[in-house]
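Working through the structure, step by step
Now for the letters of each chain:
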Amino acid sequence: MAKRSTSQNVPKEMQARFDEITQITDTFSDAYLNDEYKDMCRQLTATLCRKRLSPLLQGKANTWACAIIHAIGTVNFLGDSSQKPYVPAKELASHFGISTSTMQTKSKEIRDMFGMYQMDPDWTLPSMVDSNPLIWMVQVNGLIVDVRHMPRHIQEEAFYKGLIPYIPDDR
């Protein structure tokens, strides 16, 4: 299913920067978010570290940490008060001592770099997989369908092709 790497391996020359940024995102995640956000932020930071020429080489670590959290939060509705956890964008930026516009600009740079969008199946938190309809949409005979409502053999084929994370009828 995932088209992105979940690896947290980074080039040697980027290890110190990775450690610096993830220490900040880990601390914020432990205090205000959860382990899923913590892991996802680490994965995104590692992915940014592996880019040639990594954008993380320039700028302040706290700005990048805030933007990484905001980018993952945008995909997973962190700013929606009906969701848990919930952190408004203004409070997120304020916590890191940067302006909302700086946070949003860097976050957009990250999201554009990886084609991230709300409910992006590649960046959805594991706890939100079941409620994300985009993860379950597949094309069958030219029609887009929700595979959860299809016969088991179609679910199995979609799973074996890596289109869905698990066979819905097994849960």
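The notes below deal with the structure included here.

**With respect to the packing of aromatic side chains**
Using the criterion set out here, one finds 5 aromatic pairs in the structure. When the centroid spacing of 6.4 Å and the interplanar angle of 50° are considered together, the rings of phenylalanine 114 and tryptophan 123 count as tilted. Through a chain of ring-to-ring contacts, the aromatic side chains of Phe28, Tyr32 and Phe96 assemble into a single cluster.

**A closer look at the side chain of asparagine 76**
Structurally, asparagine 76 is set in the loop between α3 (61-75) and α4 (89-95). Here isoleucine 72 takes part through its backbone oxygen, which lies 3.0 Å from a polar atom of the side chain of asparagine 76.

**Considerations on helix α2 (residues 35-50)**
A rise of 1.5 Å per residue sets the reference length of α2, with its 16 residues, at 22 Å; its end C-alpha atoms lie 23 Å apart and thus fit the reference within 8%. As for α2, its buried residues are in contact with α1 (15-32), α3 and α5 (100-114). Sitting at the amino-terminal end of α2 is asparagine 34, which places a side-chain oxygen 3.0 Å from the backbone nitrogen of glutamate 36.

**A look at the pattern of salt bridges**
If you walk through the whole model with that rule in mind, you get 10 salt bridges. Note that arginine 42 is salt-bridged to aspartate 26, the shortest N-O span being 2.8 Å. A residue pair is termed long-range when its members are at least 10 positions apart, and arginine 42 in helix α2 and aspartate 26 in helix α1 qualify at 16 residues. A salt bridge links arginine 152 to glutamate 156, with the nearest nitrogen and oxygen atoms 2.7 Å apart. Of the two residues, arginine 152 and glutamate 156 are both situated in helix α6 (residues 152-160); the distance of 4 residues between them amounts to about one turn of the helix. Judged by relative accessible area, arginine 152 falls into the partly exposed class, the value being 33%. With a relative accessible area of 25%, glutamate 156 lands in the partly exposed category. Bridged by salt links that share partners, the residues Arg152, Glu156 and Asp170 form one connected network.

**Comments concerning the side chain of threonine 45**
Position of threonine 45 among the secondary structure elements: in helix α2. On the accessibility criterion, threonine 45 (0% relative accessible area) is buried. At 2.7 Å, the side chain of threonine 45 forms a polar contact with the backbone oxygen of cysteine 41. For threonine 45, the contacting residues outside a window of four places in its chain are Phe18, Ile21, Thr22, Leu56 and Ile68.

**Here's the deal with the nonpolar core**
Soluble globular proteins: nonpolar side chains tend toward being buried together. Leu44, Ile69, Ile72, Leu92, Phe96, Ile110 and Met116 are the most contacted members of the largest nonpolar core, which has 37 residues in total. With 10 residues, the single largest contributor to this core is α3. Beyond its immediate chain neighbours, meaning those up to four positions away, leucine 44 contacts Ile68, Ala71, Ile72, Ile110, Phe114, Met116 and Trp123. Membership of the second largest hydrophobic core comes to 11 residues, among which are Val129, Val138, Val145 and Ile164.

**A short note on the environment of glutamine 58**
Take glutamine 58: it is sitting in the loop between α2 and α3. A relative accessible area of 64% places glutamine 58 in the exposed class. Sequence separation between glutamine 58 and tyrosine 86 is 28 residues, and the spatial gap between their C-alpha atoms is 29 Å. For glutamine 58, the contacting residues outside a window of four places in its chain are Arg17 and Trp64.

Rules used throughout
Residues numbered from 1 in each chain as written. Predicted model: local features only at pLDDT ≥ 70, side-chain atom pairs only at ≥ 80, totals over all residues. Heavy atoms only, no water. Phe/Tyr/Trp six-rings, centres within 6.5 Å; stacked < 30°, edge-to-face > 60°. Helix = DSSP H or I, 4+ residues; strand = E, 2+ residues; numbered from the N terminus. Polar contact = N/O pair within 3.5 Å; in protein donor to acceptor, adjacent residues only side chain to side chain. Expected span 1.5 Å × (residues − 1). Contact = heavy atoms within 4.5 Å. Salt bridge = Lys/Arg side-chain N within 4 Å of Asp/Glu carboxyl O. Buried < 20%, exposed > 50% of the residue type's maximum accessible area, 1.4 Å probe, protein only. Core = buried A, V, L, I, M, F, W, Y, C linked by side-chain atoms within 4.5 Å.

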